[in-house]
Amino acid sequence: MALTVTDLSVAYRQRPVLNHLSLSPIAAGSLVAVIGPNAVGKSTLLKTITGLLPYRGDVHLGEQDLRRLSPAERFRALGYLPQTLPQATTLVAYETVFSACRAVRHDLSASQVEAALETAFTTLGIEALAFRKLSEMSGGQRQMVGLAQVLVRQPRLLLLDEPTSALDLHWQLNVLETVRKATADSGAIALVASHDINLALRFCDELLVLGPAGLLAQGSPADVLTPALLRATYGIEGRVEYCSRGSPMVLTDRAVSPH
């Protein structure tokens with residue numbers, strides 16, 4: 001099962017955002033970072049694949065044309081985490097995650113859903129939040145509950161829009177480690193829109209680099225992230241170095257003209 005995107009075009013009020021975007025097939029088990037400056041279509045790409053925006057072109061998950069899926073089939077196959085945090089309701093976390101799973105996974109019994117919930121909460125390290133009201137949680141805690149709502153459903157494609165934006169360093173690492181393990185273990189695919197290049201370098205198998213003109217690069221971080229690409233994408237003078245453990249990191253020197 002691979003994700004393929006071919007000749008994808010999306011517009012807001014007739015203003016093109018993505019224009020004839022085509023990607024190389026993304027293999028099962030891949031964790032892919034979607035990076036680039038503001039307003040180049042990272043969130044738009046995820047929303048479009050999720051089915052929230054009309055588009056021209058083709059998006060396939062394996063042999064399935066996502067446009068032809070029924071809403072129930074789409075909810076079963078895809079898990080979307082938007083930038084907006086789960087609403088601060090009086091429901092407790094356990095109830096919100098349980099409801100999210102039962103609404104989609106009709107094939108699971110109540111006991112199987114409960115087991116899936118326990119696994120999701122334990123894997124994310126948020127067992128202590130299970131019976132707390134969302135209205136009593138911080139933004140970061142609600143973001144973790146939102147991710148649990150996605151993971152508990154075990155979708156084949158995860159579309160996560162800035163899933164670490166409200167989190168401190170501990171939880172940023174925990175989230176990406178969890179998502180990477182989930183994709184590797186299940187053969188799912190995860191697309192993660194992010195502004196944190198160094199987290200993307202550390203955890204992701206592949207980068208999709210978007211710019212105002214569309215796709216600038218796609219491939220392994222080691223292959224695509226170069227000083228020239230950093231200049232063209234972000235307008236910075238920077239370089240990729242390696243720490244004592246061999247992990248790559250981007251070091252920035254100064255802002256420059258992108259061209």
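Source: prediction; values computed, not measured.

Observations regarding the pairing of strand β12 (residues 236-242)
Here seven bridges tie β12 to strand β13 (residues 248-255), and the two strands are oriented antiparallel to one another. Its bridge partner being in β13, V240 is matched across the sheet by V250. Remark: five residues form the turn of the hairpin made by β12 and β13, two consecutive strands paired antiparallel; G246 in that turn has positive phi of roughly 85°.

Focus on helix α9 (residues 227-234)
Note: α-helices contain 3.6 residues per turn, so residues at a spacing of three or four share the same orientation. Listed as buried for α9 are L229, L230 and T233. Mapping the buried residues of α9 onto a view down its axis gives an arc of 100°, with all of them on the same face. Tucked into the core, α9 has its buried residues touching α7 (197-203), β10 (206-211), β11 (214-219), α8 (221-224), β12 and β13. Two residues or fewer after α9 comes G235, characterised by a positive phi angle close to 70°.

Focus: the pattern of salt bridges
Counted under the stated rule, the structure contains seven salt bridges. Close ionic contact of R105 with D107 constitutes a salt bridge, the shortest N to O distance being 2.7 Å. Across the salt bridge formed by K181 and D185, the nearest N and O atoms sit 2.6 Å from each other. Of this pair, K181 and D185 both sit in helix α6 (residues 169-186), four residues apart, which is roughly one turn of that helix. A single burial state applies to K181 and to D185, both of which are exposed.

Details of the packing of helix α3 (residues 93-104) against helix α5 (residues 139-151)
Where α3 contacts α5, the two axes come as close as 8 Å, and the packing angle between them is 30°. With respect to α5, the axis of α3 lies roughly parallel. Considering the relative orientation of α3 and α5, their crossing is right-handed. Across the interface between the two elements, A93, T96, V97 and A100 of α3 pack against V145, A148 and Q149 of α5.

Overview of the packing of α3 against helix α4 (residues 110-124)
In the contact formed by α3 and α4, the axes pass within 10 Å of each other and the chain directions differ by 125°. Accordingly, the angle class assigned to the pair α3 and α4 is oblique. The crossing of α3 and α4 is right-handed. Of the residues in α4, those touching α3 at A93, Y94, V97, F98, C101 and R102 are A110, V113, E114, L117 and F121. When grouped by side-chain class, the residues that make up the contact of α3 with α4 number nine nonpolar, no polar and two charged.

Focus: the sheet that holds strand β8 (residues 157-161)
Pairing is mixed across the open sheet formed by six strands, whose spatial order is β7-β8-β9-β4-β10-β11. Unpaired on one side and paired on the other, β7 (78-81) and β11 mark the two borders of the sheet. Ignoring strand direction, the axes of neighbouring strands in this sheet form an average angle of 15°. Sheet topology places β8 next to strand β9 (residues 189-193); five bridges connect them, and they run parallel. Across the sheet, the residue bridging to D161 is A193, located in β9.

Section: the side chain of S43
Tracing the backbone through its elements, the reader meets S43 in helix α1 (residues 42-50). For S43, the side chain forms a polar contact with the side chain of D161, separated by 2.7 Å. With residues near it in sequence (within four places) discarded, S43 still touches Q83 and D161.

What counts as what
- Residues numbered from 1 in each chain as written.
- Predicted model: local features only at pLDDT ≥ 70, side-chain atom pairs only at ≥ 80, totals over all residues.
- Heavy atoms only, no water.
- Pairing = 2+ DSSP bridges.
- Helix = DSSP H or I, 4+ residues; strand = E, 2+ residues; numbered from the N terminus.
- Buried < 20%, exposed > 50% of the residue type's maximum accessible area, 1.4 Å probe, protein only.
- Arc of directions from axis to C-beta.
- Contact = heavy atoms within 4.5 Å.
- Salt bridge = Lys/Arg side-chain N within 4 Å of Asp/Glu carboxyl O.
- Axes fitted to C-alpha atoms, helices over the stretch in contact; angles between N-to-C directions.
- Parallel < 35°, antiparallel > 145°, perpendicular 65-115°, else oblique.
- Left-handed = near helix turned anticlockwise from the far one by under 90°.
- Nonpolar A, V, L, I, M, F, W, Y, C, P; charged D, E, K, R; others polar.
- Polar contact = N/O pair within 3.5 Å; in protein donor to acceptor, adjacent residues only side chain to side chain.

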